[in-house]
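Here is how the chains run, residue by residue.
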Amino acid sequence: MPIAGVAAHVCRDDKPAEAYWSSSLMCPLPLSAGLNIPVTILGCFLVRHNQGRYLFRYQNVESLLDAQCDAVNQLIEAWNRELMSCVCDSYIEIVLEMQKLRTQPSTSALGSGLDHNFIVGLNAYDNHYSFWPRSSRNIQINQSDDGDMFSSNVLKADWQCVIDQVIRPFYVRVIDLPVWQLYSGNLVKAEEGMFLSKPETGVGANMLPDTVCAFVKEQYPVFSVPWELMTEIQAVGVMVRQIKPKMVRSLLKISSTSIVLRCIDTFADVLEYCLSDIHIDKPSNPSTSEELAETIYSDYPPHKDDVSSSSSAPITGLHKFSGMSDQRSASSGGDALEVVASLGRALFDFGRGVVGDIGRTGGPLVQRNTAMGSGSDDIRRNWDQELLLVAAELKGLPCPTAGNRLVKLGFTEVWVGNKEQQVLMTSLAAKFVHLKLMDRPILANIFLSRSLQALLKLQSFSLHLLAENMRLLFHENWVSYVLRSNMAPCFSWENTTSCSAEQGPSPEWIRLFWKCFTGSLEDLSLFADWPLIPAFLGRRVLCRVRQRHLVFIPPPFTDTDSAYTLVETRTQETNMNELLSESECIKAYSDSFEDAKTKYPWLLSFLNQCNIPIFDTAFLDCAAQCNCFPTPGSSLGQVIACKLAAAKYAGYIPELNSLSAADCDELLSLLSSDFTLNRSRYGREELEVLRDLPVFRTVVGSYTRLHDQELCLISSNSFLKPYHEHCLSYSTNSSESSLLQALGVPVLHDEQIFVRFGLPGFEGKPQSEQEDVLIYLYENWQDFQHDSSVTEALRETNFVRNAEEFSIKLSKPKDLFDPGDVLLTSIFSAEREKFPGERFSTDGWLRILRKTGLRTAAEPDVILDCARKVESLVSECTKSGEAIDDFDSFNSQNEVPIEIWLLAESVVKAIFSNFAFLYGANFCNILGKIACVPAVKGFPNGGGKRGEKRVLCSFSEAILLKDWPLAWSCAPILSRQCVVPPEYSWGALYLRSPPSFSTVLKHLQVIGRNNGEDTLAHWPTTLGLMTIEEASFEVLKYLDKVWGSLSASDITELQRVAFVPAANGTRLVTANSLFARLTINLSPFAFELPSMYLPFVKILKDMGLQDMLSVACAQDLLLNLQRACGYHRLNPNELRAVVEILHFICEKTNESNMPGKSWELDAIVLDDGCRLVHARSCVYVDSYGSQYIKYIDTSRLRLVNPDIPERICTTLGIKKLSDVVVEELDDAEHLQTMGQIGSVALVAIRQKLSCKSFQTAVWKVVNSVNSGILDFNGLTLEKLQTLLDLVAENLKFVRYLYTRFLLLPKSLDITRVVKESVIPEWEGGSQHRTLYFIDRMKTCMLVAEPPSYISVLDIVAIIVSQVLGCSVHLPIVPLFLCPDGSEIAIVNILKLHSEKGEDRCIGGKNCLLGRELLAQDAIHVQLHPLRPFYSGEFVAWRSQNGDKLKYGRVLEDVRPSAGQALYRLRVEVGLGVTEHLLSSHVFSFKGVLIDNEAFIDTKVKDDHLVNENVIQVDEPEVSGRGKSHSTQARIQV
């Protein structure tokens, strides 16, 4: 049976048995030889006998080879080997059961049948792995309890079979089972942990020390199994992870983020161990190059499989790649070319990454020695490649920093520095390698390797590094304050150890910084912006390094004969700091500070006032590193000047206003004495800064700077000792004088002193000194007159007294006039202060004054002063506060006196006599605007008060005489040829001929006011003077020339100006009031163009001239008139013209059969107040409605003017009064009907009305009176009979009758009871009582009982007349009384005749002739005795003074003859009566447009006479209605 198994001795007497490492193989009896395994093997083995009991006959290899040919033997041995395989399975099973019994007994198959003590004994084993087999056990096995060694013979063949069939398969299978115990107690597979190397070996042997081992156990999964088991696993070909330096490095890289740094010493040991196989200084061959290539080519973090494969020997050094290739080829069966290619790719990828890291840090990859030969280059290249491999091994390792933090090498920048350097950068300790790592030689060698630093982002401490991170070393508030105040050189600082972090660096830090600073001036510039230099500036401060040249340290000096000389050797230019030791040098400068304070106690305070800091003596040991010591060989004065120059260049020197006089003198004395000894050592900058010091004393006792170029030195032998602030109080032979002269201060001579101090301020000098200066000037004039500096100084000196007797004022020669100039003396005769007086009026002094600028009229500015003086004389004589109109030529009150006018003429003549010299653009431009030119305003040569007026004007305002018609009202006229300038100068003088359009337009606006009433009334009648028509002709001729250059706005303005004379020259009108042909007299609204202006029809049409009057034009004329003067009463002339226009519109409309509906909405008509209103707001009184007038309130209506015929009203669509006012019964329910009134019976009246003969007689009466009465148009006999029958049917008699009048359409009661119209018998009633009533439908006809003296038949006749539509009372009363059938005979006997037509009285004004003037028209009259009149013009007249004014009409065009003051004209004073009246007794009417010009742009409310209830379709007439498109187009007449 192939049965086999194993047995283990676990307990004895319930106690753990000792593990025996030698046992037997039983089958069933033991074999002859023992086995080195802790269990006993049992099985049905076939025993071979060869001098004992064995599994194999032959135990050695040679014998086995000889027995291979024995078939039986081979079969037996195959059986034994196969049976031994079953032993392996049993061995694994017993191991697993023992593992279950130890951990979970309940899960074991043997647990239920075993004693508890057995399980306890099994758990008592410290190392249960002692039951596992070992293939490497020696024959010498320690088996005894006391430690004795015993021997056992192990046969080779049997033992090899156990190894091959049991032990090796055992480990092959258990590596995948969770039977491997970690130090944490967990059971895992073999691949999930790491094995410890053989213990008790040190770093030098590349073995794990105890501290490292403890660290590894704590940090990583390490097996707590005997180390021999690792050998068994390796023997079966399984790669294990073993704790080696490379392994620790890899594990640190993987788990660096989870490491907690508790003890820096432990971590230093770990890091030292893991880097112990790397040597930089002595490269040696590594174990294999495959490991290096594998490390470089693998990604970070490495995979667990990659880590487990790392079981090769440690890296003890670096080797050449050629050796690596050979060893690789020798030790591996792979392709050498493939290995080299893989390694090359790894090196390329790694080098690219490292170069990128170096590029970010700015460091070089490798320092190459280019001076070596080609052989050295190859060696160096190989060495560089080896460095890349080392860097790859180190990259990613955690490294502890001084801040007790871990960073990854190669990924985070890490700094390397000693203790002092790290103290400087304490706040950045987290970036420094921990100091304890630098105490380990291996680590220090790596961290300090400059070749590796660039590859691993390591950086040694340097001044560049410190400078780049300065802002991180101090408190952010202090850093931001320093960097924000970039212009400030110093910052306050407390030199105490207790100062807060916000106050900047501590004194210890400053001292340590300068102690560590060993760089050059270039390195010093790295800290240029940081305040690191301790100094005093009124307080303790820190100065910026870049301002170190401002810090003052006095140079060492010695006292020799009380004069301080520099400690220097003139023969040797050697730095004193090099001759003395450091302590001696510091003492020398410390003594210099003390000496400076003793000898010059003011010096340091003065320097602080100049913002020059004083170096802090407590830090003198740092001054050399700060480069603050003065230049060797410098003197104290030179150092002071140098610091002042530096402060000035930097802009730090303030205004020094608080220096005492003693300090100023001592400072200047020090500088001047030092300058005398060391003149050549002072540079231009030092001398320039000394000029800005306010330490130079003047003769007045003040101290000043030398920046003023007027400062000077006065020699002791000068003739004049000026007491002036520009004179310095130092003698020319003093040491200060030499310094001052070197600083550019001049020494003045006598003539210069006279010019600079004798003449300036002359008026403020004492009189005696003034006399001396004048005498000196007069006596030396022969020498001075050719000296331009003297003459120029005299021109600007006030030394001349004027001719004013009591004046003490002194003047310059150029401010006075030459008394020999006649023009100046005549113009400025009243101003004696403008001429020299006293001694200066003599010939000798006048020669001096003329040489030095005395003024004459030949100078341009003087003659301009003359012109301004003349202008001012006019303003003085003009009445103050009087308003001057543009058109005041008829007012001589403001006329210029003849004396001033002639004086102005003399000035202008003087200008033109010297015009060739004076002419210039600037002169002419100024002169052209001065009102000094004699001219006239108004009508030239007009004569008397009505002619010209003397004025003074400027050339820019004036016009030439030939252009006077174009602008005489607003521009002065140069009437004299002697004041007209040459034509070439007109442009420069702003004189224009012809004048500008704006001037002409202004002139036309002035003369066109009030339609030219004032202009025409005052136009002179002088013989030879242009008439108004001729003047207007010249204007039109001018406009015709310039028309092409006018803009649209200019033409628009011209359209608004009235300047064309019309109506016999009685008014000026606008062009749109003119017609080329006008057949009716529409004056004063429209006129026919005078024939003399026909050449200018083109431009007049552009301004509004129309060809002829049309209906549309007439309608627009009325509309524009209504907009311009609506709601104002028209005068008789205007009323007549409006009636003419209305007649024209109606006649043309009727002639052309044109419907008037299109104009009815905008039709204009005259109301009963002679005002222009809209026709739709009026009603006219028709024949039927005229009976209502006395009984209604007419204030509720607006009635058409009675002068307007009814046919015009009908044409214009005006409603009748009878259409808008109806009469209704009042209290109709109380009527008392009657059968007869008196003797007249109602029945008889009805029968008479129905009688055919009566109706025929009435028809004959109607035909007799009709003839032209519109009421009967269309009436026939049949219609008359029907109407009479209607009357007969509806006629009734009542006792009394009351009615009321209603205004439609709202039926407003407008009844008015007039006392005068009431019958005496009816007085006392408040209602309107009437005799008859006819309703609108003619269905009710009532007759009331009349008084006894009124016939009832008359009332019936009136009713019949109204029913028939007759506006008059038909004479049919006899027809009611005559017998029936005799009515026609009665009509024939009466001999009735018809009325023919209607007399037309245009305007209805013939009835006004001879009547007294109405009050409404009296306010519009005006008297102009020389005014022309046109034919048909209505006027007001009186026969003599005191009489009342009456209406009249001028019969022909009249105007005064030349030279006449008054004239006579023929006036129609009554209908057909004419008289010749003086022009002083004839008054013209002012137009409404003239009186109400301001009314055009205002909105006037209605007079409230028309109520909105008048006519429903028409609104009340108000001027506030929205303006139409032509509202602004005003018609002026």
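### A look at the environment of asparagine 611
(1) Moving on: One can find asparagine 611 in the loop between α24 (603-609) and β21 (614-615).
(2) Moving on: For the pair asparagine 611 and cysteine 490, spaced 121 residues apart in sequence, the C-alpha to C-alpha distance is 9.3 Å.
(3) Moving on: Sequence-distant contacts of asparagine 611, defined by excluding residues within four places in its chain, comprise Leu537, Tyr652 and Pro654.

### Focus on the packing of helix α30 (residues 750-758) against helix α33 (residues 788-795)
(1) Moving on: Closest axis-to-axis distance for the α30/α33 pair is 9 Å, and the angle between their directions is 20 degrees. The angle between α30 and α33 places the two elements in the roughly parallel class. When the axes of α30 and α33 are compared, the crossing they make is left-handed. Taken together, the residues of α33 that come into contact with α30 (itself represented by Glu751, Phe754 and Val755) are Ser789, Val790 and Ala793.

### Notes on the sheet that holds strand β1 (residues 4-7)
(1) Moving on: The mixed open sheet is built from three strands, whose spatial order is β1-β5-β4. Edge positions in the sheet fall to β1 and β4 (25-26), since each of these pairs with one other strand and no more.
(2) Moving on: Pairing between β1 and strand β5 (residues 40-43): four bridges, direction antiparallel. Looking across to β5, one finds that glycine 5 is bridged to leucine 42.
(3) Moving on: Across the sheet, helix α2 (residues 71-103) is in contact with β1, β4 and β5; its angle to β1 comes to roughly 40 degrees.

### Brief notes about the pattern of salt bridges
(1) Moving on: In total, this model carries 42 salt bridges according to the counting rule given.
(2) Moving on: The salt bridge partner of arginine 1427 is glutamate 1013, with a shortest N-O separation of 3.6 Å. Taken together, the positions of arginine 1427 in the loop between β52 (1421-1422) and β53 (1434-1437) and glutamate 1013 in helix α42 (residues 1013-1017) put the pair 414 residues apart, joining distant regions of the chain.
(3) Moving on: Judged by relative accessible area, arginine 1427 falls into the buried class, the value being 2%.
(4) Moving on: Since its relative accessible area comes to 4%, glutamate 1013 is described here as buried.
(5) Moving on: Its salt-bridge partner being aspartate 1380, residue lysine 1248 comes within 2.8 Å of it at the nearest N-O pair. Separated by 132 residues along the polypeptide, lysine 1248 in helix α51 (residues 1242-1250) and aspartate 1380 in the loop between α55 (1373-1377) and α56 (1383-1390) bring together distant segments of the chain.
(6) Moving on: Lysine 1248 sits in the buried class, given a relative accessible area of 6%.
(7) Moving on: Exposure remark for aspartate 1380: the relative accessible area of 60% places this residue in the exposed category.
(8) Moving on: Look at the salt bridges and you will find they share partners, linking Lys246, Arg249, Asp277 and Glu393 into a network.

### Observations regarding unusual backbone geometry
Trans peptide bonds make up most of the peptide bonds, and negative phi angles are found at most residues other than glycine.
(1) Moving on: Look at the link from serine 1083 to proline 1084: it is a cis peptide, with omega at 15 degrees.
(2) Moving on: By the element assignment, proline 1084 lies in the loop between β35 (1074-1077) and β36 (1087-1088).
(3) Moving on: Phi is positive for tyrosine 990, close to 65 degrees, though the residue is something other than glycine.

### Concerning the confidence of the model for the protein
(1) Moving on: Residue-level pLDDT values for the protein average 77, and 78% of them are 70 or greater.
(2) Moving on: Considering only residues more than four positions removed or in separate chains, one finds that residues 880-885, a stretch of pLDDT under 50, has six contacts.
(3) Moving on: Scored below 50 in pLDDT, residues 1395-1403 makes 13 contacts in the model with residues more than four places away or belonging to other chains.

### Let's talk about the pairing of strand β42 (residues 1221-1225)
(1) Moving on: In terms of burial, β42 is largely enclosed, as four of its five residues are buried.
(2) Moving on: By the bridge criterion, five bridges tie β42 to strand β47 (residues 1298-1303) in an arrangement that is antiparallel. When the sheet's bridge partners are listed, leucine 1225 is paired in β47 with threonine 1299.

The rules we used
- Residues numbered from 1 in each chain as written.
- Predicted model: local features only at pLDDT ≥ 70, side-chain atom pairs only at ≥ 80, totals over all residues.
- Heavy atoms only, no water.
- Helix = DSSP H or I, 4+ residues; strand = E, 2+ residues; numbered from the N terminus.
- Contact = heavy atoms within 4.5 Å.
- Axes fitted to C-alpha atoms, helices over the stretch in contact; angles between N-to-C directions.
- Parallel < 35°, antiparallel > 145°, perpendicular 65-115°, else oblique.
- Left-handed = near helix turned anticlockwise from the far one by under 90°.
- Pairing = 2+ DSSP bridges.
- Salt bridge = Lys/Arg side-chain N within 4 Å of Asp/Glu carboxyl O.
- Buried < 20%, exposed > 50% of the residue type's maximum accessible area, 1.4 Å probe, protein only.
- pLDDT = per-residue confidence, 0-100.

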